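Letter by letter, the chains look like this.
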Amino acid sequence: MSKGTVVLAYSGGLDTSCILVWLKEEGYDVITYLADIGQEEDFVAARKKAESLGATKVFIEDLRAEFVEEFIWPSVQASAIYEDRYLLGTSVARPCIARRQVQIARREGAQYVSHGATGKGNDQIRFELTCYALYPEVKIIAPWRIPEFYNRFRGRKDLMEYAEKHGIPVPVTPKAPWSMDANLMHISYESGILENPKSHAPSDLYLMTKNPEDAPNSPDMLEIHFKRGVPTQVTHLKDGTSKSTPLEIFSYLNQIGGKHGVGRIDIVENRFIGMKSRGIYETPGGTILYQAHLDVEAFTMDREVRRIKQSLGIKFSEMLYNGFWFSPECEFVRYCIAKSQESVEGRVQLSVFKGQVYILGRESPKSLYNEELVSMDVQGDYDPCDASGFIKINAVRLREHHRLQGAADSKPQD
């Protein structure tokens, strides 16, 4: 007798294929769900494989457009970046994937959801918090946290033996000596030979970006239009190519950024579960948009509003990394950030060249920049004497600080 129906987040790889068969062994009816978020994947082969392994239903969902519009765009508005460098490409994909998993589970009357995330990583938290937020009564099966599972499958060798025994097709090409996760926003690499933080990344690791040394010797010049803090159009200033839908814009920026080796980072980061990990990321289109958005935002946003918004962006980035996209506090912060973006409108012209993004110029109907006011040649509306008040206030503070510091330094030591 069946224990119930489980919707498995399925990739078609060795781990989730073994999990599919193991769940059937344990007495569950298994529905597999594979999200298309822009990764290179043979979805036809994945469907056939899942069906051959006994999945009762197979869902393959194209989420690329909603991934850009509903998850990447709010991250662009927030200038989301974790620990000063990571643009959160994996983190932002997880709530998008898990949301559809929950929708399928509800529609199919499934009492359980399952995933192949490891017990040491962040993804287990991101998947499960989304599921609990959107389907509170759901039960989650996390095999890599179940002793009966992880004691049985202690490594790839055990999984391969299990696959051969149960007729699970195994990869015919050698597995890369690192773990890789890809989506429309980025590719991440970790684990394996990358676990030694001193080891340099192999030259053949990167798949989304060229080595900047091998990039073209002439730049690509782009103009990106923003409205309410999100891009609405990108135009190539040399050949006239123009894109205007969110998915087209982001895909085109990936193409241009990848061509010039933009968006590579190699970092050690702090995982939510309490350990440090080494990750290598390439985020070409996201890096271009991060730089362009910063520029148009500074041009059009009130100074004090921007200071508050910057702190909200840091908070949003931490919540996104830690899996709290669907929490009430993250919803509130996203609302505040979106409100701050109402006047973030204009065009940014930039150059993409040899691993770098160079801002060339900008214009906006909502600019707060006053050319006459800042001119060194035209007096405009500004009275230079106004500066004396700022100087006097801070001079008193600085004098008093150094007077006290000097007195402390001259005091005899015991």
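Not measured: the values here are computed from a predicted model. (Residues numbered from 1 in each chain as written. Predicted model: local features only at pLDDT ≥ 70, side-chain atom pairs only at ≥ 80, totals over all residues. Heavy atoms only, no water.)

Engineer: Outline the pairing of strand E7 (residues 187-190), supporting the account with residue identities and numerical values.
Structural biologist: Here strand E6 (residues 179-182) runs beside E7; their pairing, made up of 4 bridges, is antiparallel. Looking at E7, one finds that Met 180 is bridged to Tyr 189. Counting the residues that bridge the hairpin from E6 to E7 gives 4 residues. In terms of strand pairing, E7 meets strand E12 (residues 276-282) through 3 bridges, oriented antiparallel. Each bridged residue has a counterpart across the sheet, and for Ser 188 the counterpart in E12 is Tyr 281. (Pairing = 2+ DSSP bridges. Helix = DSSP H or I, 4+ residues; strand = E, 2+ residues; numbered from the N terminus.)

Engineer: Got a sec to walk through helix H8 (residues 246-259)? Specific residues and values, please.
Structural biologist: Look at H8: 20 Å from first C-alpha to last across 14 residues, which is about the 20 Å you get at 1.5 Å a residue. Residues Ile 249, Phe 250, Tyr 252, Leu 253, Asn 254, Ile 256, Gly 257 and Gly 258 constitute the buried set of H8. Buried residues in H8 make contact with helix H3 (64-78), strand E8 (220-227), strand E9 (230-236), strand E10 (242-243), helix H9 (284-300) and strand E13 (346-353). Residue Gly 261 follows H8 closely and has a positive phi angle near 70°. (Expected span 1.5 Å × (residues − 1). Buried < 20%, exposed > 50% of the residue type's maximum accessible area, 1.4 Å probe, protein only. Contact = heavy atoms within 4.5 Å.)

Engineer: How would you sum up the packing of aromatic side chains? Please name residues and give values.
Structural biologist: By the definition in use, this model includes 14 aromatic pairs. Between the aromatic rings of Phe 71 and Trp 325, the centroid separation amounts to 4.9 Å while the plane-to-plane angle is 40°, which identifies the pairing as tilted. Here the residue Phe 71 occupies a position in helix H3, and Trp 325 occupies one in the loop between helix H10 (303-322) and helix H11 (328-340), the gap between them amounting to 254 residues. Of the two residues examined, Phe 71 and Trp 325, each falls in the buried class. Judged by centre distance (5.0 Å) and plane angle (80°), the ring pair of Phe 153 and Tyr 162 falls under edge-to-face. With a relative accessible area of 4%, Tyr 162 lands in the buried category. Put simply, the rings of Trp 22, Trp 144, Phe 149, Phe 153 and Tyr 162 touch in pairs and so form one group of aromatic residues. Positioned over the ring face of Tyr 321 is Arg 126, at 4.9 Å from the centre of the ring. (Phe/Tyr/Trp six-rings, centres within 6.5 Å; stacked < 30°, edge-to-face > 60°. Lys NZ or Arg CZ within 6 Å of the ring centre and 35° of its normal.)

Engineer: Kindly report on the nonpolar core, identifying the contributing residues and their values.
Structural biologist: Most often, soluble globular proteins keep nonpolar side chains buried together rather than apart. Core analysis: the biggest nonpolar cluster contains 69 residues, and Phe 67, Trp 73, Ile 224, Phe 316 and Leu 350 have the highest contact counts within it. No other element matches helix H4 (residues 89-108), which puts 8 residues into this core. Those residues in contact with Trp 73 that sit more than four places away from it in its chain are Val 68, Val 230, Pro 231, Pro 246, Ile 249, Phe 250 and Leu 289. Among the nonpolar cores identified, the runner-up in size contains 25 residues, and Cys 18, Ile 19, Trp 22 and Leu 53 belong to it. (Core = buried A, V, L, I, M, F, W, Y, C linked by side-chain atoms within 4.5 Å.)

Engineer: Report on the sheet that holds strand E4 (residues 112-114), specifying residues and quantitative values.
Structural biologist: Read from one edge to the other, the open sheet built from 5 strands follows the order E3-E2-E1-E4-E5, with strand pairing classed as parallel. The outermost strands of the open sheet, each flanked by one partner alone, are strand E3 (57-62) and strand E5 (139-141). Mean inter-strand twist for the sheet, computed between neighbouring axes without regard to direction, equals 25°. Here strand E1 (residues 4-9) runs beside E4; their pairing, made up of 3 bridges, is parallel. Bridging from a neighbouring strand, Leu 8 pairs with Ser 114 of E4. (Axes fitted to C-alpha atoms, helices over the stretch in contact; angles between N-to-C directions.)

Engineer: Break down the pattern of salt bridges for me, citing the residues and quoting the values.
Structural biologist: Evaluation of the coordinates by the stated rule reveals 27 salt bridges. The salt bridge involving Arg 94 is made with Asp 123; its shortest N-O contact spans 3.0 Å. Of this pair, Arg 94 sits in helix H4 while Asp 123 sits in helix H5 (residues 123-134); the two residues are 29 residues apart in sequence, bridging distant segments of the chain. Relative accessible area serves as the criterion here: at 6%, Arg 94 is assigned to the buried category. On the accessibility criterion, Asp 123 (19% relative accessible area) is buried. The salt bridge partner of Glu 137 is Arg 106, with a shortest N-O separation of 3.9 Å. (Salt bridge = Lys/Arg side-chain N within 4 Å of Asp/Glu carboxyl O.)

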